Amino acid sequence: MTDLSGTSVEAPDEATMRTILDGLADADDEHPDVSLTHENGWSLSAFPSGELLWLLWENLDDPDASPRQIAGVSKDEVVRLFTVLATGDTAEIERLAGS
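Presented here is a report on the structure given in the accompanying data block. Given the structure is predicted, the values throughout are model-derived calculations rather than measurements. (Residues numbered from 1 in each chain as written. Predicted model: local features only at pLDDT ≥ 70, side-chain atom pairs only at ≥ 80, totals over all residues. Heavy atoms only, no water.)

Considerations on the pairing of strand β3 (residues 52-59)
So, step 1. Here β3 lies mainly inside the structure; six of its eight residues are buried.
So, step 2. Pairing analysis gives eight bridges linking strand β2 (residues 42-49) to β3, with the strands arranged antiparallel. Paired with Trp42 across the two strands is Asn59, which belongs to β3.
So, step 3. Hairpin remark: β2 followed by β3, antiparallel, with two residues in the connecting loop; positive phi at Gly50, about 70°.
So, step 4. Across four bridges, β3 lies against strand β4 (residues 68-73) in antiparallel orientation. Each residue of the ladder has a partner; that of Trp57, found in β4, is Arg68. (Buried < 20%, exposed > 50% of the residue type's maximum accessible area, 1.4 Å probe, protein only. Helix = DSSP H or I, 4+ residues; strand = E, 2+ residues; numbered from the N terminus. Pairing = 2+ DSSP bridges.)

Here it is, written out as structure tokens:
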């Protein structure tokens with residue numbers, strides 16, 4: 001997982017994910033998001049949007065895979081989706097992103 005400053009955290013637990021997401025309160029144009037990337041290439045990035053977050057779902061290893069957005073997501077749901085992605089299970093996120 002990558003925090004707002006670009007620092008990587010290997011295998012973050014739920015508390016670490018929440019702390020990293022809390023950092024979005026300080027997001028700016030240069031550092032707008034935090035993300036979790038699985039070794040399979042799939043990445044989920046979270047961006048602030050008022051009280052909720054919006055997500056960018058993309059495969060960094062597959063240039064033919066179109067990035068997709070998921071809007072209006074709570075922090076609890078983002079933590080759940082980061083946890084799902086950390087296991088390598090992409091099916092649920094694919095469903096939410098409207099694959």
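There is more to say after this.
Re the environment of His31
So, step 1. Along the chain, His31 falls in the loop between α1 (14-22) and β1 (34-37).
So, step 2. With relative accessibility at 29%, the residue His31 sits in the partly exposed group.
So, step 3. Spatially, the C-alpha atoms of His31 and Ser66 are 22 Å apart, while their sequence positions differ by 35 residues.
So, step 4. When sequence neighbours within four positions are dropped, the list of residues in contact with His31 reads Leu4 and Ser5. (Contact = heavy atoms within 4.5 Å.)

A look at the environment of Ala11
So, step 1. By secondary structure assignment, the location of Ala11 is in the segment before α1.
So, step 2. Note: C-alpha distance between Ala11 and Thr90 (79 residues apart in sequence) is 17 Å.

Re the packing of α1 against helix α2 (residues 75-86)
Helix-helix packing is described using two parameters, namely the angle between the two axes and the distance between the axes.
So, step 1. Where α1 meets α2, the closest approach of the two axes is 10 Å, and the angle between their N-to-C directions is 130°. On the basis of their axis angle, the class for α1 and α2 is oblique. The crossing of α1 and α2 is right-handed. Contacts between α1 and α2 involve Glu14, Met17, Arg18, Leu21 and Asp22 on the former and, on the latter, Lys75, Asp76, Val78, Val79, Phe82 and Thr83.
So, step 2. The class makeup of the residues in the contact of α1 with α2 is five nonpolar, one polar and five charged. (Axes fitted to C-alpha atoms, helices over the stretch in contact; angles between N-to-C directions. Parallel < 35°, antiparallel > 145°, perpendicular 65-115°, else oblique. Left-handed = near helix turned anticlockwise from the far one by under 90°. Nonpolar A, V, L, I, M, F, W, Y, C, P; charged D, E, K, R; others polar.)

Quick notes on the nonpolar core
So, step 1. With 25 residues, the main nonpolar core has Leu21, Leu44, Ala46, Leu55, Val78, Phe82 and Ile93 as its most contacted residues.
So, step 2. Breaking this core down by element, the ones donating at least two residues are α1, β1, β2, β3, β4 and α2.
So, step 3. Non-local contacts of Ala46, meaning those with residues more than four positions away in its chain, are made with Leu21, Leu24, Pro32, Asp33, Val34, Trp54, Leu55, Val78 and Phe82. (Core = buried A, V, L, I, M, F, W, Y, C linked by side-chain atoms within 4.5 Å.)

Geometric values such as these leave the question of function open.
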